[in-house]
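Breakdown of the fold
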Amino acid sequence: MADTADEEEPLASSAKDLARQQKERAYASLIEVHPTSVGKMVSRKEREARRLRSQDMTYGEIKFTSFGTIFSWIRERLGELQEPGGVFYDLGSGTGKPVFAAALLHDFDRCVGIELLEGLHACALELQTRWDAMKTADPPTLKSGEQRTAIELINGDITTDEWSDATFVFTNSTCFTSQLMRELAELSLELKPGALWVSFTRELPSEEWELLLSEQLAMSWGPATIYIQRRR
Ligand SMILES: C[S@@+](CC[C@H](N)C(=O)[O-])C[C@H]1O[C@@H](n2cnc3c(N)ncnc32)[C@H](O)[C@@H]1O
């Protein structure tokens, strides 16, 4: 028995490794046209042109490996995301990278990004065109679960647009002001019990959201605290 278990363990983990490598490759090929420097430049130019000076608009991006670690914590340590489905939102989605990363890391029904700046939204639409091409590539770069997820990118304002159907919200909120976090906390009361909220550096300030986990993770700009909360 022990021998069989010993033999099976590497097989199981190599299948997992292969799946992870396939996702990393798909993500890398998707985003190669838009390194973080592109998002930063597009954001800075538009903020200067429109004289948008709020700290909320500071630009930064996730890394796929860190995002994957967060999804592993949610699945393995918190026992969430065990079934396919759900609606993912990235509030302040930039060039859209977390939207596509989420579609690779879980079999969501929909993955939605809302971004205020038109230039960043345009970059996200370019990634969506590349994503659609990956679905029809021969052989396909995306697996069937990744292909079925509907991707929606909205050029809008997270304080006025609708996102109450979210079951999973992500905010890359390190530079969000306390005022914006309070507004989001107020709006988040529309979400159903059980919904998950992942934020960077700033916890969603609401008693209606139970803190499940807070942990440091290395980001491109240095270590950040990741908060994972669940709607009571
Ligand atoms: C730190 S960046 C994160 C980009 C992306 N989520 C990521 O992690 O790769 C935060 C984004 O939020 C956007 N943002 C800030 N306030 C917003 C608002 N009220 N409505 C929509 N987007 C907003 C900014 O323009 C910026 O692109």
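Each remark here, short or long, concerns the structure printed above.
I will try to describe carefully the structure that is included in this document. Values in this document were obtained by computation on a predicted structure and should not be read as measured data.

A tally of helices and strands in the chain yields seven helices and seven strands. Going from N to C terminus, the chain has its helices and strands arranged as α-α-α-β-α-β-α-α-β-β-α-β-β-β. Taking 17 Å as the expected radius of gyration for a compact globule of 232 residues, we find that the chain reaches 18 Å, a close match to that expectation. Projected onto its principal axes, the C-alpha coordinates of the chain cover approximately 65 × 45 × 30 Å. The burial tally for the chain puts 35% of its 232 residues in the buried class.

Our focus in this paragraph is the sheet that holds strand E5 (residues 196-200). The seven strands are arranged E3-E2-E1-E4-E5-E7-E6 in an open sheet whose pairing can be described as mixed. In the strand order of this sheet, the two ends are held by strand E3 (150-155) and strand E6 (209-219), each with one partner. Ignoring which end each strand starts from, the neighbouring axes of this sheet average 15° apart. Inspection of the sheet shows strand E4 (residues 168-171) paired to E5 by four bridges, in the parallel sense. By the bridge assignment for E5, Phe-170 is matched with Val-198. Docked against the sheet, helix H4 (residues 97-105) engages strand E1 (87-91), strand E2 (110-115), E3 and E4, running at close to 170° with respect to E2.

Now for the packing of helix H3 (residues 64-77) against H4. Two elements in contact, H3 and H4, have axes whose closest approach is 10 Å; the angle formed by their N-to-C orientations is 50°. Between H3 and H4, the interaxial angle falls into the category oblique. Remark: the crossing between H3 and H4 carries right-handed chirality. Judged by residue contacts, Phe-64, Phe-67, Gly-68 and Phe-71 of H3 engage Pro-98, Ala-101 and Leu-105 from H4. Here the residues of the contact of H3 with H4 are counted per class, giving six nonpolar, one polar and no charged.

By secondary structure assignment, the location of Thr-159 is in the loop between E3 and E4. Under the C-beta neighbour-count criterion, Thr-159 is labelled partly exposed, with 15 such atoms within 10 Å. A C-alpha to C-alpha distance of 6.9 Å links Thr-159 and Glu-183, two positions 24 residues apart in sequence.

By nearness alone, 23 residues border the ligand, and Glu-61, Gly-92, Gly-94, Leu-116 and Asn-172 come closest of all. Where the shell around the ligand is concerned, the elements lending two or more residues are H4 and E2. Across the shell around the ligand, the residue classes break down as 10 nonpolar, seven polar and six charged.

Within soluble globular proteins, side chains that are nonpolar tend to cluster in buried spots. Among the nonpolar cores identified, the biggest contains 52 residues, and Tyr-27, Tyr-89, Phe-100, Ala-101 and Ala-102 are the most heavily contacted of them. Tallying contributions element by element places H4 first for this core, with seven residues. Ignoring sequence-local partners within four residues, the contact set of Ala-102 consists of Phe-88, Phe-108 and Cys-111.

Now for helix H5 (residues 118-136). For H5, built from 19 residues, the straight-helix expectation of 27 Å at 1.5 Å per residue is met to within 8% by its first-to-last C-alpha distance of 28 Å. Here H5 has its buried residues at Gly-119, Leu-120, His-121, Cys-123, Ala-124, Leu-127 and Trp-131.

Of the two faces of E4, the one holding Phe-168 and Phe-170 and the one holding Val-169 and Thr-171 are both buried throughout. Following the backbone out of E4, through helix H7 (residues 178-187) and into the adjacent parallel E5, one traces a crossover that is right-handed.

Scoring rules and cut-offs
Residues numbered from 1 in each chain as written. Predicted model: local features only at pLDDT ≥ 70, side-chain atom pairs only at ≥ 80, totals over all residues. Helix = DSSP H or I, 4+ residues; strand = E, 2+ residues; numbered from the N terminus. Rg over C-alpha atoms; globule rule 2.2 N^0.38 Å. Buried ≥ 20, exposed ≤ 12 C-beta atoms within 10 Å, placed from the backbone. Pairing = 2+ DSSP bridges. Axes fitted to C-alpha atoms, helices over the stretch in contact; angles between N-to-C directions. Contact = placed C-beta atoms within 7 Å. Parallel < 35°, antiparallel > 145°, perpendicular 65-115°, else oblique. Left-handed = near helix turned anticlockwise from the far one by under 90°. Nonpolar A, V, L, I, M, F, W, Y, C, P; charged D, E, K, R; others polar. Near = placed C-beta within 6 Å. Core = buried A, V, L, I, M, F, W, Y, C linked by C-beta atoms within 7 Å. Expected span 1.5 Å × (residues − 1). Right-handed = clockwise from strand over helix to strand, strands pointing away.

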